[in-house]
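Residue strings, one per chain:
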Amino acid sequence: MQTYYYVLASQKFLMEEEPLEEVLKERKRYYHEKEKEIDFWLVAQPAFLETPELASIKEKCPQPAAAIISTDPKCADWFKLRLEFVIKGEFQAPSETIPEPLASLTPTSTKDS
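All values reported here derive from a predicted model rather than from experimental measurement. Position numbers for residues start from 1 in each chain and track the written sequence from start to end. Local features in a predicted model are, by the rule used here, given only for residues with pLDDT of at least 70; side-chain atom pairs are given and counted only at 80 or more, and totals for whole chains, interfaces and linings are based on all residues. With hydrogens and water set aside, each side-chain value is computed from the structure's full complement of heavy atoms.

A. The overall build of the protein chain, seen in detail. Scanning the protein chain from N- to C-terminus turns up four helices and four strands. Its C-alpha atoms give the protein chain principal-axis dimensions of roughly 40 × 40 × 30 Å. Throughout, a contact is declared for two residues whenever any of their heavy atoms are within 4.5 Å. For the protein chain, contacts bridging at least 24 residues in sequence account for 80% of all contacts bridging at least 6. All accessible-area figures derive from a Shrake-Rupley calculation using a 1.4 Å probe, and residue coverage is judged against the displayed protein chains alone. Summed over its atoms, the accessible surface of the protein chain is roughly 7200 Å², and 50% of this surface lies on carbon and sulfur atoms. Each helix is a run of H or I in the DSSP string that is no shorter than four residues. Each strand is a run of E no shorter than two, and both are numbered from the N terminus.

B. Local environment of the sheet that holds strand β1 (residues 2-10). Only strands that DSSP links by at least two bridges are regarded as paired with each other. In space, the four strands of this open sheet follow the order β2-β3-β1-β4, with antiparallel pairing throughout. Lying at the two open borders of the sheet, with one neighbouring strand each, are β2 (40-44) and β4 (87-93). For this sheet, the mean angle separating the axes of adjacent strands, direction not counted, is 30°. For helices, the fitted axis covers only the stretch in contact; all axes are lines through C-alpha atoms, and the angles between them, taken along N-to-C directions, range from 0 to 180 degrees. Where helix α4 (residues 73-83) meets the sheet, it contacts β1, β2, β3 (65-70) and β4, and its direction lies at approximately 10° from that of β1.

C. Spotlight on α4. Whether a residue is buried, partly exposed or exposed follows from its accessible area with a 1.4 Å probe, protein chains only, as a fraction of its type maximum: under 20%, in between, or over 50%, in that order. Here α4 has its buried residues at C75, A76, F79 and L83. One side of α4 carries all its buried residues, which in axial view fall inside an arc of 100°. When the buried face of α4 is taken as reference, the exposed residues oriented beyond 90 degrees from it are K74 and L81. Its buried side turned inward, α4 meets β1, α1 (11-17), α2 (20-33), β2, β3 and β4. By definition, the arc is the one covered by directions from the helix axis to the C-beta atoms.

D. Local environment of the side chain of T51. Looking at the element boundaries, T51 is found in the loop between β2 and α3 (55-60). Contact partners of T51, with chain neighbours within four places excluded, come to T97 and I98.

E. Summary view of the packing of α2 against α4. It is the contact of α2 with α4, at a shortest axis distance of 11 Å, that shows an interaxial angle of 145°. As for the relative orientation of α2 and α4, their crossing is right-handed in sense. Seen from α2, the contacting residues are E22, V23, L24, E26, R27 and Y31; seen from α4, they are K74, C75, W78, F79, R82 and L83. Here the term charged refers only to Asp, Glu, Lys and Arg, the term nonpolar to Ala, Val, Leu, Ile, Met, Phe, Trp, Tyr, Cys and Pro, and the term polar to all other amino acids, Gly among them. Considered class by class, the residues forming the contact of α2 with α4 number seven nonpolar, no polar and five charged. In this scheme the handedness of a crossing depends on how the near helix is turned from the far one: anticlockwise by less than a right angle means left-handed, clockwise means right-handed.

F. Highlighting the pattern of salt bridges. Here, a salt bridge means any side-chain nitrogen of Lys or Arg that lies within 4 Å of a carboxyl oxygen of Asp or Glu. Applying the stated criterion across every chain yields a total of nine salt bridges. A salt bridge links K36 to D39; the shortest N-O distance between them is 3.7 Å. Residue classification places D39 among the buried residues on the basis of a relative accessible area of 10%. Here D72 makes a salt bridge to K36, at a shortest N to O gap of 2.6 Å. Pair noted here: D72 is in the loop between β3 and α4 and K36 is in the loop between α2 and β2, with a separation of 36 residues, a long-range link. Three or more residues joined by partner-sharing salt bridges are found here, namely K12, E16 and E17.

It is worth stressing that arrangement in space is one thing and function is another; only the former is reported here.
Here is the structure:
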């Protein structure tokens, strides 16, 4: 089992009110300079919030939520400092309640050609 670290906020805050694109580019550039593999992901409506053990966290965050999830605690710390008004936490996965750590409740859209 792996520990995943996250920063969580409402989708509106994280994806519209914060300069998220700039923040992600900055972090990707840092990883590239350090020749480090990307270990963080942006997940809209993260499924891990639906677990009973994270119900209290879900209650604290306006819905729909979005999260940046990483396997590196320092990465989550950096995002927390950079984005400021987010909830930071962690969870273990895969587990019985979180089989897929990066799963989203957002339906995948398909385009007709």
